[in-house]
Number of protein chains: 2
Amino acid sequence: MRKAERLFQLVTLLRGRRLAITAKQLSETLEVSERTIYRDIQALMLSGVPIEGEAGIGYRLDRHFELPPLMFTSEELLALILGSKMVKTWGDSVAARGAVSALDKITAILPERLKQQDQSELLLVPEFLQNKNLAQLASDLRAAVESCLTINIEYQDEQKRFSSRNIEPLGLVYWGGKWTLIAFCLLRQDYREFRIDRIVSLTCLDIQFEKLETKSLKHYLSQFACHS
Amino acid sequence: MRKAERLFQLVTLLRGRRLAITAKQLSETLEVSERTIYRDIQALMLSGVPIEGEAGIGYRLDRHFELPPLMFTSEELLALILGSKMVKTWGDSVAARGAVSALDKITAILPERLKQQDQSELLLVPEFLQNKNLAQLASDLRAAVESCLTINIEYQDEQKRFSSRNIEPLGLVYWGGKWTLIAFCLLRQDYREFRIDRIVSLTCLDIQFEKLETKSLKHYLSQFACHS
DNA sequence: TCACTACTGACAGTTAATGTCAGTAGTGTT
DNA sequence: AACACTACTGACATTAACTGTCAGTAGTGA
């Protein structure tokens, strides 16, 4: 079992690093010969662990193996299932995609008892409320937020009044059933909140804006929280 | 590595069973001696696997180890985080509790890159919208649904009209921001849908009702889906 | 008491793992 | 081209770990 323990430790050592690590360093840490490290690395690779080794550089774990496994309780899994269903229906299309595949993984390992509890569907998030176009719009907005790109939107408000604006998108908020975009409006030189389902069109302008402490989603919401 | 592989297979064999399994059966399946099985079981227990052995009965895996670890991609983890935040704010209190602890586990293993993406909070589910009383009411309703218990509710509808009814609760539906209780109303002898936030009080009656194909959440929703 | 099981120690034989040594090969710098 | 640094492989003597058989202990239920 000593070797099996060492293999586990090897993966842990590789997983915690950004830079490559040499066989010599590993052998010193684990107190074995370099030859043993070479054998261990080969064993791990044969069993599917994606290790990359470069002569003159050292070893690195493929980025996708960076994430360790997670252990959840029954209660946690049922909560994750419910949350995934909410994201699937109400989230932007990127998040919805992640939720669907996570949901597949979770249901694949559910024991019969929990599977029956989930499939009894006594707690339901209806799929038919899903709006694919809105989810895609939310994804595009999210990408603009993340990239700090100024955008132009055409917007139809509650009174059906039409407007076109250049805005700096700061973030998205889920109010339960409705997402809004918080942005800094270049026309009004102030924050504005837009319901995503009322955005008629969206155009990215390829103009990058600057992030500021006093011009952010957090700053906007701190004002809102004081009111309620 | 043969032994390490066998240890893995042992856990898998134990995990897939409800009834206890003897060392003799395991030795025949894995084609080793019983003495080796005793050694293997001891090695697994020393490394933390919760196996229970009873003389005259056999071995069983502690129930909490029934669930294997899960491996998620970055995209899936971010979706699970978003979903957990939704459940935390909008779910019933049991689900919210599960979501909070799942969220702790996920954030504990998040690499720096993803942690920063999550903490930038460009995609927000506000916690201040959480309603603890409503979440507790939802949990009580969920328990009644699961136990098929008839309940009495006092309800105030859209027009502020007050009513008191005995109902058989069939399930809960999340419409995005609002949950409704689907129930069979004993007064009207028909389905009725109640917004949870309009339920003034709830009393369990300790009268068990019968589940039927034609008196269920699914049946009710199949009618609704045809209308839209 | 008997039948069934889990459990432990001891020991000879078997198998796996280890470190040392020698050699191959790739990359970057001088 | 030579050198320094690294990854890599095969061979072999030595060491460590593992295995099955055997004998014995102990718990549970009929």
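Residues numbered from 1 in each chain as written. Chains lettered and ligands numbered in written order. Predicted model: local features only at pLDDT ≥ 70, side-chain atom pairs only at ≥ 80, totals over all residues. Heavy atoms only, no water.

(A) Seen up close, the protein's contact with DNA strand C. The local shell around DNA strand C holds 21 residues, among which Arg-6, Ser-33 and Thr-36 of chain A together with Ala-23 and Tyr-59 of chain B are the closest. Backbone atoms, meaning sugar and phosphate, make up 58% of the atoms of DNA strand C lying within 4 Å of the protein. Within the side chain of Arg-6 of chain A, a nitrogen or oxygen atom sits 2.5 Å from a phosphate oxygen of DNA strand C. Ala-23 of chain B is positioned such that a nitrogen or oxygen atom in its backbone is 2.6 Å from a phosphate oxygen of DNA strand C. Looking at the surface near DNA strand C, the elements that each hand over two or more residues are helix H1 (2–15) and helix H3 (34–46) of chain A together with helix H3 (34–46) and strand S2 (58–61) of chain B. Residues of the surface near DNA strand C, tallied by class, amount to seven nonpolar, seven polar and seven charged. (Near = heavy atom within 4 Å. Polar contact = N/O pair within 3.5 Å; in protein donor to acceptor, adjacent residues only side chain to side chain. Helix = DSSP H or I, 4+ residues; strand = E, 2+ residues; numbered from the N terminus. Nonpolar A, V, L, I, M, F, W, Y, C, P; charged D, E, K, R; others polar.)

(B) Examining the protein's contact with DNA strand D more closely. Neighbouring residues of DNA strand D: 21 residues in total, closest Ala-23 and Tyr-59 of chain A together with Ser-33, Thr-36 and Arg-39 of chain B. Protein-adjacent atoms of DNA strand D, using a 4 Å cutoff, are sugar or phosphate at a proportion of 56%. For DNA strand D, a phosphate oxygen lies 2.7 Å from a polar atom in the backbone of Ala-23 of chain A. At 3.0 Å, a side-chain N or O of Arg-35 of chain A approaches a base oxygen of DNA strand D. Of all elements in the fold, only H3 and strand S2 (58–61) of chain A together with helix H1 (2–15) and H3 of chain B reach the threshold of two or more residues within the surface near DNA strand D. Looking at the surface near DNA strand D residue by residue, the classes come out as seven nonpolar, seven polar and seven charged.

(C) Representation of the packing of aromatic side chains. Applying the stated criterion to the full structure yields ten aromatic pairs over all chains. Seen from their ring centres, Tyr-174 of chain B and Trp-179 of chain B are 5.1 Å apart, and the 45° between their planes marks the pair as tilted. Through a chain of ring-to-ring contacts, the aromatic side chains of Trp-90 of chain A together with Tyr-174 and Trp-179 of chain B assemble into a single cluster. Looking at Lys-215 of chain A, its charged tip hangs above the ring of Phe-184 of chain A, at a distance of 5.1 Å from the centre. (Phe/Tyr/Trp six-rings, centres within 6.5 Å; stacked < 30°, edge-to-face > 60°. Lys NZ or Arg CZ within 6 Å of the ring centre and 35° of its normal.)

(D) Summary view of the relation of the copies chain B and chain A. Overlaying chain B with chain A gives an RMSD of 0.4 Å, the required rotation being 180° about an axis along which the chain moves by 0.0 Å. On the angle and the small slide along the axis, the relation comes out as a two-fold axis. Ranked by how close their C-alpha atoms come to the rotation axis, the residues of chain B are headed by Gly-83 of chain B, at 2.0 Å. (Least-squares fit on C-alpha atoms with pLDDT ≥ 70 in both.)

(E) Main features of the UniProt feature "domain: WYL" (unreviewed entry) in chain A. UniProt annotation of "domain: WYL" (unreviewed entry) refers to residues 139–203 of chain A when read in the numbering used here. A helix fraction of 14% and a strand fraction of 60% characterise residues 139–203 of chain A, whose end C-alpha atoms lie 13 Å from each other. (UniProt positions renumbered as here; feature names shortened; annotations may be inferred.)

(F) Looking closely at the interface of chain B and chain A. Contacts between the two partners involve 67 residues from chain B, matched on the other side by 66 residues from chain A. Here chain B meets chain A over a buried area of about 6,000 Å², counting both sides, of which 71% is carbon and sulfur. Among the residues of chain B in contact with chain A, Leu-67, Leu-70 and Leu-122 of chain B are the three that bury the most area, contributing 12% of the side total. Of the charged contacts in the structure, one is a salt bridge between Glu-76 of chain B and Lys-105 of chain A, with a shortest N-O distance of 2.8 Å. Linking chain B to chain A there are 14 residue pairs in polar contact (both at pLDDT 80 or more). (Contact = heavy atoms within 4.5 Å. Buried area = accessible area lost by both parts, 1.4 Å probe. Salt bridge = Lys/Arg side-chain N within 4 Å of Asp/Glu carboxyl O.)

(G) Here's a closer look at helix H5 (residues 93–109) of chain A. All names here are of chain A. Its 17 residues give H5 an end-to-end C-alpha distance of 25 Å, which sits within 8% of 24 Å, the value for a rise of 1.5 Å per residue. Buried residues of H5: Ala-95, Ala-96, Gly-98, Ala-99, Ala-102, Leu-103 and Ile-106, and no others. Taken end-on, H5 shows its buried residues confined to a sector of 155°, consistent with a single buried face. (Expected span 1.5 Å × (residues − 1). Buried < 20%, exposed > 50% of the residue type's maximum accessible area, 1.4 Å probe, protein only. Arc of directions from axis to C-beta.)

(H) Region of interest: the domain arrangement of chain A. All names here are of chain A. Taken as a whole, chain A is organised into domain 1 (2–65), domain 2 (74–126) and domain 3 (132–227). Computed from C-alpha coordinates alone, the two centres of domain 2 and domain 3 are separated by 29 Å. Buried area between domain 2 and domain 3, both sides added, is near 580 Å², and the carbon and sulfur share of it is 50%. If you sort the residues of domain 2 by the area they bury against domain 3, Trp-90, Asp-92 and Ser-93 come out on top, with a joint share of 81%. Inspection of the domain 2/domain 3 interface yields one salt bridge. Here domain 2 is connected to domain 3 by seven residue pairs in polar contact (both at pLDDT 80 or more). (Domains from an automatic or database assignment.)

(I) Broad picture of the UniProt feature "domain: Helix-turn-helix type" (unreviewed entry) in chain A. When the UniProt feature table is mapped onto this chain numbering, "domain: Helix-turn-helix type" (unreviewed entry) sits at residues 6–60 of chain A. Annotation note: span residues 6–60 of chain A, helix share 56%, strand share 13%, distance between end C-alpha atoms 17 Å.

(J) Structural context of unusual backbone geometry. Phi is positive for Gln-189 of chain A, close to 50°, though the residue is something other than glycine. Relative to the helices and strands, Gln-189 of chain A resides in the loop between strand S6 (179–185) and strand S7 (190–195). Overall, the relative accessible area of 53% leaves Gln-189 of chain A in the exposed class. Within the chain, Glu-31 of chain B stands out as a residue other than glycine whose phi angle is a positive 60°. Mapped onto the secondary structure, Glu-31 of chain B falls in the loop between helix H2 (23–30) and H3.

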